[in-house]
Amino acid sequence: MTVASLFDAKEYKIPNQLIILGYLAGIFVNLQQYGMMGIAYFILKAVWPYICLSMLYLFGKQIGSGDIKLFSVVATIIGAKSTVDVMVASVMIAAIAVVAVSIYEGHLMKRNLHYSYYITAAFFFLQVQSIR
């Protein structure tokens, strides 16, 4: 997650090689949890973020394709419910960041966000919260 955010910050894209590594981790996790049925679970977990978020990408580029792929990887590793929690938390963190920057700069303007930052922050925040 952190490496994907760093690539996104530098190059405005998340390399497919990182996504593939994430998917390999997702396959491993699902095989460990469910045996051979884990492959089916992996596929279902990987596909639903594409289905849910593709409209945001297709109609107005509200989210980048790399961010959708990152959510897909997250879903294969932590599951659907936790991924939805990460989605909601990342939107909230991004909104707070936009408001804070707007107040600091004194005006609201459209900007390109590195949304992977907020996905990563939400993921780690929720992981820490689940430990408590």
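Placed above this text is the structure.
Treat the numbers as computed from the prediction; the structure is a model and nothing was measured.

**Let's talk about the overall build of the protein chain**
Looking only at helices and strands, the protein chain features six helices and zero strands. Ordered by position in the sequence, the α and β elements of the protein chain form the string α-α-α-α-α-α. Expected size for 132 residues packed as a compact globule is a radius of gyration near 14 Å; at 15 Å, the protein chain falls within 12% of this value. Each principal axis of the C-alpha distribution contributes one length, and for the protein chain these read about 55 × 35 × 25 Å. With 132 residues in all, the protein chain has 35% of them scored as buried.

**What about unusual backbone geometry?**
Positive phi values are uncommon outside glycine, yet Tyr12 reaches one of about 55°. Here Tyr12 shows up in the loop between α1 (2-11) and α2 (16-34).

**Re the nonpolar core**
The biggest cluster of nonpolar side chains holds 25 residues, and the ones touching the most others in it are Tyr23, Leu53, Ile63, Phe71, Val86, Tyr115 and Ile119. Every element with two or more residues in this core is listed here: α2, α3 (38-58), α4 (65-78), α5 (80-105) and α6 (115-131). Top element by residues in this core is α4. It accounts for six residues. Once residues lying within four places of it in the same chain are set aside, the contact partners of Val86 are Phe71, Ile78, Ile119, Ala122, Phe123 and Leu126.

**Some thoughts on the packing of aromatic side chains**
Applying the stated rule across the entire model yields four aromatic pairs. Pairing Tyr23 with Phe42 gives two aromatic rings, centres 5.7 Å apart and planes at 90°, and the pair type is edge-to-face. Separated by 19 residues along the polypeptide, Tyr23 in helix α2 and Phe42 in helix α3 bring together distant segments of the chain. In this structure Phe42 comes out as buried when scored by relative accessible area, which is 11%. Centre to centre, the rings of Tyr34 and Tyr41 are 4.4 Å apart; their planes meet at 40°, and the pair counts as tilted.

**As for the environment of Gly66**
Here Gly66 is to be found in helix α4. Judged by relative accessible area, which is 13%, Gly66 ranks as buried.

**Details of the pattern of salt bridges**
Under the counting rule described, the total for this entry stands at one salt bridge. Salt-bridge contacts for Lys81 lead to Asp85; the nearest nitrogen and oxygen are separated by 3.1 Å. You can see Lys81 and its partner Asp85 sitting in helix α5, four residues apart, about one turn around the helix. Residue class for Lys81 comes out exposed when judged on its relative accessible area of 62%.

**Some points on the packing of α2 against α4**
Direction vectors running N to C along α2 and α4 enclose 15°, while the axes themselves pass 8 Å from each other. Between α2 and α4, the angle falls in the class roughly parallel. Judged by the sense of rotation from one axis to the other, the crossing of α2 with α4 is left-handed. For the pair α2 and α4, the contacting residues are Asn16, Ile19, Gly22, Tyr23, Ala25, Gly26, Val29 and Asn30 in the first and Lys69, Leu70, Ser72, Val73, Thr76 and Ile77 in the second. Looking at the contact of α2 with α4, its residues break down into seven nonpolar, six polar and one charged.

Rules of the game
Residues numbered from 1 in each chain as written. Predicted model: local features only at pLDDT ≥ 70, side-chain atom pairs only at ≥ 80, totals over all residues. Heavy atoms only, no water. Helix = DSSP H or I, 4+ residues; strand = E, 2+ residues; numbered from the N terminus. Rg over C-alpha atoms; globule rule 2.2 N^0.38 Å. Buried < 20%, exposed > 50% of the residue type's maximum accessible area, 1.4 Å probe, protein only. Core = buried A, V, L, I, M, F, W, Y, C linked by side-chain atoms within 4.5 Å. Contact = heavy atoms within 4.5 Å. Phe/Tyr/Trp six-rings, centres within 6.5 Å; stacked < 30°, edge-to-face > 60°. Salt bridge = Lys/Arg side-chain N within 4 Å of Asp/Glu carboxyl O. Axes fitted to C-alpha atoms, helices over the stretch in contact; angles between N-to-C directions. Parallel < 35°, antiparallel > 145°, perpendicular 65-115°, else oblique. Left-handed = near helix turned anticlockwise from the far one by under 90°. Nonpolar A, V, L, I, M, F, W, Y, C, P; charged D, E, K, R; others polar.

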